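Here's the letter readout for the chains.
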Amino acid sequence: MNPFSKLKQSNYQIVIISLVLAIILALWKPHVLVEGLQRACLYAVIALPMALILGIVGIINLAHGDFMMLGAYFAYFLNVYTGIDPLVAIFPALAAFFLIGMVSYRAIIKYVLGAPELNQLLLTFGLAMVMEQLANLIWTSRPIKLPLPYVSASATIGSFTFGTFEFVYVGAVIIVLSGLLLFLKRTGTGQAALAVGQNPRGAKLVGIHVDRTYLFIFSLSIALVGAIGAIFMTRHSIFPLVGAPFTMKSFCLIAMAGIGNLMGILWCSLILGLAENFVLSFRGYAGWADILFFALIVLVIMVRSHQRQVK
Amino acid sequence: MPFLKTENLTRHFGGIAALNHVSMEFREHEILGIIGPNGAGKTTFINVIAGIYLPTEGKMYFNGQNISDLPAHKRCRLGIARTFQLVRPLQGLSLLENVMVGSLFGKGFGQREAREKAIALCEFLELSDISRDITRMTALEIKKMEIAHALATQPKLLFLDEVMAGLNSDETMEMIALVRRIHSRGITIGIVEHVMRVIKELTHRVVVLDWGEVIAEGPYEEVSNDPMVITAYLGEEA
Amino acid sequence: MRNLRYLLYIAILIVLITLPLYTGVYLLNVTDIILIYLALALSWDILLRSGQISFGMAGLFGVGGYAAGLIHLNAGVNPLISIVMGGLAAGLLAWLIGMAVLQLRGMYFAIVTLALAEIFRVIVRNLPDLTGGPEGTVLPSAIFAGNSTKTYWLVLVVALVSVIASEIFRRTRIHFALTSIRNDEVVAKSSGIDVFKYLVFIFVVTSAIQGLTGGAYAHIYGFVSPEGSFSIDFTLLPIAMALLGGMHSTWGPVVGAVVLGVISEFLKLKIPYGHLLVYGLIIVIAILFFPQGIVGTIGQKLKKAHRA
């Protein structure tokens, strides 16, 4: 095959265009490239667990970001009472939130699985409100932060200095994404989960225990997002509403990438993370960065609905 | 001018062609049988003609008008109606109101007229106790309600998708008589069925689908002896 | 029998209209708030009947408030007319959003509405010359110079508009269209219903009501601000009210609004901070245990007794 014919394929065109843009950014606004990359990975790693629930259990968890918030508070208090570093707290967080996920599923979520989508949306919306308000009552809206020395680590290339701690998000997303892909494609449980996601009735007919799959996947998702909250705690100040925006942004990414496309979430996060930081870098327009995700999701929806051949 | 004409009608789902270059015609006032083994594409055929799916390729003409890009609700107003294989009654509405939906929006009647027409249709189909909740109906009654709903839109072409499924032999005879009564009102009917007795008795012509393609066409006697058709059904007997 | 019911409605109406004659200012103000939430709850329910959920009421409410306030302030338009224009502004916005987003419905639409309040808040905060920025804008005076009777009548009219809208949508063919669309869009389409057109229409009308309510609210308090006008209260409470009272009806949200309105007044006195939590809990409990709400559950019990 002629190597140049590969150049014509749109995938390769996209890769080349992206590389060119990246180089331009690196020279013009290196901050945007680095911070956008880090931020993008944060968005991606939070969105992945939500994609898992949406793709396999089939419900949208509007309280997703709030579980992350709880994870952050968990890590904070663990540190205050036992001195455990939040990064180390990832492990107890995984365990604790797996349990929390199991309880949530059994006590609440299970009831609306068969109900119309409306009920699921309303239930998780109510749940989100309860979590946020409870957090507000117990811990007040005062932002809290842990003074950790290592978060201000930085490196310098030439005249350009950037924070290096935030690359932990890049590491996190690589671990979580590859872990999930391996799990779903290479393990029995994972493949069963995929089957359930595609066709729960069919899966049941071949003997897959659908309810247990839902339970596991849901708990896994909550465990992951709780652990991510612990990581988040290290670098950001947290308050009860800190998780809410991530719910919306996660959904935007999933909608852009398409349900079931985990890799795609990473690419879409890169686009969004870089775009967001790009807008933020222009003083005076910084306030508009928040709308970026919203504008993009509307655009995606419009494009998608025009692409549809099925009415 | 043919009543309904399809040219190379094709519809893909993912990589699979559920309909593959289907070219056929409906003649006005006929009862056309649409048969084929499971998965042949019969319901997809109805869905594409009714406008629930757009074709990937090909065209459709209804009374000379190209309807290939027309949205479903406009096709309904032009006079194409259908029933559903898995019945879908509308919750929150009574039996009569379910039927009324058809007369309200199929032809845009006002509420009072729509109600009267719906009542008349229920009588025509011998449905009683029409203000009752739809949760307490027999299988036959639900099917009749579906048909009444479709008839309420005043169609010129009506597709019946496996209306005989789940009926015992008495009910089947009743339904056959019903279809004849509908036909006598001047409505062209396309009937998808697995019960061959029904096809034999009711239809003027039959179209046989297999893997999304038309493999035979003609009166039932001819088609049922066609070796290709027999192979397609592989042991299924009329 | 029917005439008796109409008589009852007229009696209630007379009581409501003459309320200021025998209630104090405090109770009137409480009723004002209840009526505002009632209008929002009804408008939310109307959209719900089509099968779509909006989490963006606070957004459209705030847009109506800002539009009404700023038009009055900058163009000197009469406050009452500016309130109507607030409703129109919200309706127009809803039309644009609906045309763009209602092709993909369900959770896509719901999530987009979730962001609405935040988006508008951001926009408002970032146009300080127009909107007064983060601090908001104070209007020259509260409408009717704060006369509590006239203010009450204004809010009553707004609430009645939503009640009338709800009833119109229940008694005309729109009821059939909405119920069909909600149940099964394929069946609706096959019956000749232009689903998209109906959804956009309903979204625009309900958003206009929300904008109208927001405009009234802005003029009553004489103040608009990013935090106040787009507060989550205006999304959360109406949903809780409609769920509590009973979805898909006019009486449901009305009952829910009155019950929850009264409870929230008590709550505010007893626990100054926890009330949003209570509303969230009500939503969760209602969805889990009695999705029919008060009116719906009573209705079901009556039907059962009737049969027995």
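Computed from a predicted structure; not experimentally measured.

1. A closer look at the nonpolar core
Link 1 in the chain: Within the largest apolar cluster, 271 residues are counted, with the highest numbers of intra-cluster contacts made by A:V45, A:A72, A:I265, C:A240 and C:I283.
Link 2 in the chain: With 20 residues, helix α3 (residues 30–57) of chain A is the largest single contributor of residues to this core.
Link 3 in the chain: With residues near it in sequence (within four places) discarded, A:I265 still touches A:A44, A:A47, A:L48, A:A51, A:L253, A:I254 and A:A257.

2. Focus: the interface of chain A and chain C
Link 1 in the chain: On the chain C side, the residues contacting the 32 residues of chain A number 32 residues.
Link 2 in the chain: Only α6 (117–139), α11 (244–257) and α13 (289–307) of chain A provide two or more residues apiece to the side of chain A that touches chain C.
Link 3 in the chain: No other element matches the 14 residues that α6(A) contributes to the side of chain A that touches chain C.
Link 4 in the chain: When the residues that make up the side of chain A that touches chain C are grouped by side-chain class, the tally is 24 nonpolar, five polar and three charged.

3. Some thoughts on the sheet that holds strand β4 (residues 57–62) of chain B
Residues and elements named next belong to chain B.
Link 1 in the chain: The sheet built from four strands is open, its strands ordered β2-β1-β4-β5 with antiparallel pairing. Two strands lie at the open edges of the sheet, namely β2 (16–26) and β5 (65–66), each paired on one side alone.
Link 2 in the chain: Bridge analysis of strand β1 (residues 4–13) against β2 gives seven bridges, and the strand direction is antiparallel. Note on β2: the bridge partner recorded for L9 is V22.
Link 3 in the chain: Lying over the sheet, helix α1 (residues 42–50) contacts β1, β2 and β4, oriented at roughly 70 degrees with respect to β2.

4. What about the confidence of the model for chain C?
Residue and element names in this part refer to chain C.
Link 1 in the chain: Overall, the predicted model of chain C reaches an average pLDDT of 89, with 99% of residues at or above 70.
Link 2 in the chain: The lowest-confidence element of chain C is helix α16 (residues 293–307), averaging 77 in pLDDT; the highest-confidence one is helix α11 (residues 195–221), averaging 95.
Link 3 in the chain: Scored as a whole, the predicted complex attains pTM 0.88, and scored at its interfaces, ipTM 0.88.

5. Focus on helix α7 (residues 167–186) of chain A
Residues and elements named next belong to chain A.
Link 1 in the chain: Along its 20 residues, α7 runs 28 Å from first to last C-alpha, staying within 8% of the 28 Å computed at 1.5 Å per residue.
Link 2 in the chain: Residues of α7 that are buried: Y169, A172, V173, V176 and L184. Down the axis of α7, the smallest arc covering the buried residues is 95 degrees, so these residues share one side. In this structure, α7 carries G171, I175, S178, G179, L182, K185 and R186 as exposed residues pointing more than 90 degrees from its buried face.
Link 3 in the chain: Those residues of α7 that are buried are in contact with α3, α8 (188–198), α10 (210–235) and α12 (262–280).

6. Focus on the interface of chain B and chain C
Link 1 in the chain: Contacts between the two partners involve 21 residues from chain B, matched on the other side by 15 residues from chain C.
Link 2 in the chain: Listing elements by their share of the side of chain B that touches chain C, those giving two or more residues are α2 (72–78) and α3 (95–106) of chain B.
Link 3 in the chain: When residues in the side of chain B that touches chain C are grouped by element, the largest group, seven residues, is from α3(B).
Link 4 in the chain: Classifying every residue of the side of chain B that touches chain C gives 10 nonpolar, seven polar and four charged.

7. A short note on the packing of α3(B) against helix α5 (residues 139–152) of chain B
Residue and element names in this part refer to chain B.
Link 1 in the chain: Relative orientation of the contacting elements α3 and α5 amounts to 20 degrees, with a least axis distance of 7 Å. In terms of axis orientation, α3 runs roughly parallel to α5. Our pair here, α3 against α5, has a crossing hand that is right-handed. On α5, the residues that touch L95, N98, V99, M100, V101, G102, S103 and G106 of α3 are M145, A148, H149, A150 and A152.
Link 2 in the chain: Class assignment for the residues of the contact of α3 with α5 results in eight nonpolar, five polar and no charged.

8. Considerations on the sheet that holds strand β7 (residues 157–161) of chain B
Residues and elements named next belong to chain B.
Link 1 in the chain: Overall, mixed pairing links the six strands, which are arranged β6-β7-β8-β3-β9-β10 in an open sheet. In the strand order of this sheet, the two ends are held by β6 (80–82) and β10 (213–218), each with one partner. Between one strand and the next, the sheet's axes are offset by a mean angle of 20 degrees, whatever the strand orientation.
Link 2 in the chain: Taken together, the four bridges between strand β3 (residues 31–35) and strand β9 (residues 205–210) define a ladder with parallel strand orientation.

Here is what the cut-offs are and how they apply
- Residues numbered from 1 in each chain as written.
- Chains lettered and ligands numbered in written order.
- Predicted model: local features only at pLDDT ≥ 70, side-chain atom pairs only at ≥ 80, totals over all residues.
- Core = buried A, V, L, I, M, F, W, Y, C linked by C-beta atoms within 7 Å.
- Buried ≥ 20, exposed ≤ 12 C-beta atoms within 10 Å, placed from the backbone.
- Helix = DSSP H or I, 4+ residues; strand = E, 2+ residues; numbered from the N terminus.
- Contact = placed C-beta atoms within 7 Å.
- Nonpolar A, V, L, I, M, F, W, Y, C, P; charged D, E, K, R; others polar.
- Pairing = 2+ DSSP bridges.
- Axes fitted to C-alpha atoms, helices over the stretch in contact; angles between N-to-C directions.
- pLDDT = per-residue confidence, 0-100.
- Expected span 1.5 Å × (residues − 1).
- Arc of directions from axis to C-beta.
- Parallel < 35°, antiparallel > 145°, perpendicular 65-115°, else oblique.
- Left-handed = near helix turned anticlockwise from the far one by under 90°.

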